[in-house]
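Structure assessment
Next come the chains, spelled out residue by residue.
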Amino acid sequence: MNRTAFRPRRCVAVLICALALGACSSGASSKRSSKAGGGASGTGRVVEVEQLPQSHRDLLRAYGAGGDAWESARTQALADPALTRFLVENLFLELVRAHRSLGGDDGERAQRARDRARTELARLGAPAAPTLAAALEVADDVAAELAAQTLGAIGRPALPALLEVLAAPEANARQRAALALARMPHGAREEPRVREALVGASADKEWFVRAQVARALGARGVRDVETTPWRVALEKLLADPDEAVVEAAAGALIELADPLAIRALIEALGGATDEAQLRKFRALQGALERLSGAGPQPSLAAWQAWWRENRARLERGE
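Since this is a predicted model, take the numbers as computed values, not measurements. (Residues numbered from 1 in each chain as written. Predicted model: local features only at pLDDT ≥ 70, side-chain atom pairs only at ≥ 80, totals over all residues. Heavy atoms only, no water.)

Now for the overall build of the protein. Counting secondary structure elements, the protein contains 17 helices and two strands. Counting across all 318 residues of the protein, residues that qualify as buried make up 48%. Restricting to contacts in the protein with at least 6 residues of sequence separation, those with at least 24 account for 66%. Per element, the accessible surface of the protein, about 15,100 Å² overall, is 50% carbon and sulfur. (Helix = DSSP H or I, 4+ residues; strand = E, 2+ residues; numbered from the N terminus. Buried < 20%, exposed > 50% of the residue type's maximum accessible area, 1.4 Å probe, protein only. Contact = heavy atoms within 4.5 Å. Areas by Shrake-Rupley, 256 points an atom, 1.4 Å probe, with all protein chains shown as cover.)

This is how it looks when you write it as structure tokens:
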């Protein structure tokens with residue numbers, strides 16, 4: 001996978017303007033809404049359709065016309081980075097505006113517009129990923145979810161852009177990036193780099209980011225050919241000071257389904273003796289029951305005895 005050039009600050013500036021415009025136009029008159037088909041300049045200034053360069057106007061008209069005219073215009077746009085960026089920004093704006101209009105008087109038309117915009121963004125692939133990933137930094141929850149879903153439709157080519165957001169200054173963006181990575185397909189030769197980025201993010205200063213990273217480690221690890229590096233990363237999170245992170249890590253280990261995590265779970269259970277850590281205790285106990293298939297055990301000593309009796313068998317993969 002080639003690393004896509006990603007300039008999050010520039011994309012963020014454009015999306016702030018575009019998403020604000022979409023929110024305003026969703027309840028505006030048809031005259032005002034017609035202005036939303038334009039774009040945003042590099043400075044964030046909204047541009048009327050009539051003020052756009054001819055190439056930009058022709059592209060928007062071709063999209064509206066569809067068919068062969070659109071296919072030809074789309075091919076030409078992909079040969080011009082600036083025109084490609086303009087196309088992606090407007091398609092994402094169309095996606096968000098249409099989604100927000102689903103409950104309106106013409107819901108069927110809005111759904112068709114939304115589905116078409118999402119399909120076209122997915123077809124664009126890697127060139128669309130930086131703008132969509134930038135939406136995870138600035139958009140509201142609804143628009144961010146639309147961006148994440150579309151990144152998922154793009155698949156592997158979107159991974160580099162998501163890894164950039166995983167290191168964003170905003171904790172909310174990092175959490176969204178981890179959530180999106182949990183849904184993304186396996187990265188093939190790039191998967192070790194994805195895992196490395198997630199392992200680094202498991203030390204995030206915010207507990208809710210670490211918890212989401214734990215879930216992503218489990219979700220991606222179960223799709224990998226080898227579970228060991230993912231298991232080791234999750235085992236470390238069992239020592240996290242926040243109960244919610246430990247709970248997420250225990251759940252991820254259940255999803256990973258590597259019984260060799262039982263030893264680490266037993267060790268973590270031994271440290272969950274405080275009554276205030278009931279949530280942590282239940283998560284660890286539940287993970288042990290699921291991975292061992294042994295059912296509830298009456299004490300920590302019972303779990304330790306179970307491990308001594310079954311360790312060799314599990315290490316042999318039986």
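The next subject is the packing of aromatic side chains. Counted by the stated rule, this structure contains three aromatic pairs. Each ring, one from Tyr63 and one from Trp70, has its centre 5.1 Å from the other, and the planes form 85°; the classification is edge-to-face. A single burial state applies to Tyr63 and to Trp70, both of which are buried. Taken together, a centroid distance of 5.9 Å and an interplanar angle of 90° make the contact between Trp207 and Phe208 edge-to-face. Overall, the relative accessible area of 41% leaves Trp207 in the partly exposed class. In this arrangement the basic side chain of Arg116 is found over the ring face of Tyr63, its NZ or CZ atom lying 3.7 Å from the centre. Across from the ring centre of Trp230, 5.5 Å away, lies the NZ or CZ of Arg195, which sits over that ring. (Phe/Tyr/Trp six-rings, centres within 6.5 Å; stacked < 30°, edge-to-face > 60°. Lys NZ or Arg CZ within 6 Å of the ring centre and 35° of its normal.)

On to the pattern of salt bridges, then. Enumeration according to the criterion identifies 19 salt bridges in this entry. Here Arg220 ties to Glu191 by a salt bridge, and the two come within 2.7 Å at their closest N and O atoms. Highlighted residues: Arg220 in helix α12 (residues 207-221) and Glu191 in helix α11 (residues 191-201), separated in sequence by 29 residues. Put simply, Arg311 and Glu315 hold a salt bridge, and the shortest N to O gap is 2.8 Å. Note that Arg311 and Glu315 are positioned in helix α17 (residues 300-315) at a spacing of four residues, about one turn of the helix. (Salt bridge = Lys/Arg side-chain N within 4 Å of Asp/Glu carboxyl O.)

In this section: unusual backbone geometry. Glycine aside, the phi torsion of most residues is negative, and most peptide linkages are trans. Phi is positive for Ala188, close to 55°, though the residue is something other than glycine. Residue placement: Ala188 occurs in the loop between α10 (171-183) and α11. Residue classification places Ala188 among the partly exposed residues on the basis of a relative accessible area of 34%. For Ala257, which is not a glycine, the phi torsion comes out positive at approximately 60°. Topologically, Ala257 is positioned in the loop between α14 (243-256) and α15 (262-270).

Ranked by internal contacts, the top residues of the largest apolar core, which has 88 residues, are Leu121, Leu198, Leu234, Leu238 and Leu265. In this view, Leu265 contacts Leu238, Leu253, Leu284, Ala287, Leu288 and Leu291; residues no more than four positions away in its chain are not counted. (Core = buried A, V, L, I, M, F, W, Y, C linked by side-chain atoms within 4.5 Å.)

Taking 1.5 Å of rise per residue, the 14 residues of α14 would be expected to cover 20 Å, and the 20 Å separating its terminal C-alpha atoms lies within 8% of that figure. Here α14 has its buried residues at Ala244, Val245, Val246, Ala248, Ala249, Ala250, Ala252, Leu253 and Leu256. Elements in contact with the buried residues of α14: α12, α13 (228-237), α15 and α16 (278-292). Where α14 begins, the side chain of Asp242 points an oxygen toward the backbone nitrogen of Ala244, at a separation of 2.8 Å. Of the residues one or two after α14, Ala257 is the one with positive phi, at around 60°. (Expected span 1.5 Å × (residues − 1). Polar contact = N/O pair within 3.5 Å; in protein donor to acceptor, adjacent residues only side chain to side chain.)

Bringing the packing of α15 against α17 into the picture now. Where α15 contacts α17, the two axes come as close as 10 Å, and the packing angle between them is 165°. Our classification of the angle between α15 and α17 gives roughly antiparallel. With respect to the hand of their crossing, α15 and α17 are arranged in left-handed fashion. From α15, Ile262, Arg263, Ile266, Leu269 and Gly270 reach across to α17, where they touch Leu300, Trp303, Gln304, Trp306, Trp307, Arg311 and Leu314. Each residue belonging to the contact of α15 with α17 can be placed in one class, and the counts come to eight nonpolar, two polar and two charged. (Axes fitted to C-alpha atoms, helices over the stretch in contact; angles between N-to-C directions. Parallel < 35°, antiparallel > 145°, perpendicular 65-115°, else oblique. Left-handed = near helix turned anticlockwise from the far one by under 90°. Nonpolar A, V, L, I, M, F, W, Y, C, P; charged D, E, K, R; others polar.)

Further remarks concern the side chain of Lys280. Turning to its location among the elements, Lys280 is positioned in helix α16. No salt bridge forms around the buried Lys280; measuring N to O, its nearest opposite-charge neighbour Glu243 is 7.0 Å away. (Lys, Arg positive; Asp, Glu negative; His and termini not counted.)

Moving on: the confidence of the model for the protein. The predicted model of the protein has a mean per-residue pLDDT of 87, with 84% of residues at 70 or higher. Of the regions scoring below 50 in pLDDT, residues 16-37 engages in 36 contacts with residues more than four places distant in sequence or in other chains. Every residue in residues 40-44 scores below 50 in pLDDT, and together they form nine contacts with partners more than four places removed in sequence or on other chains. (pLDDT = per-residue confidence, 0-100.)

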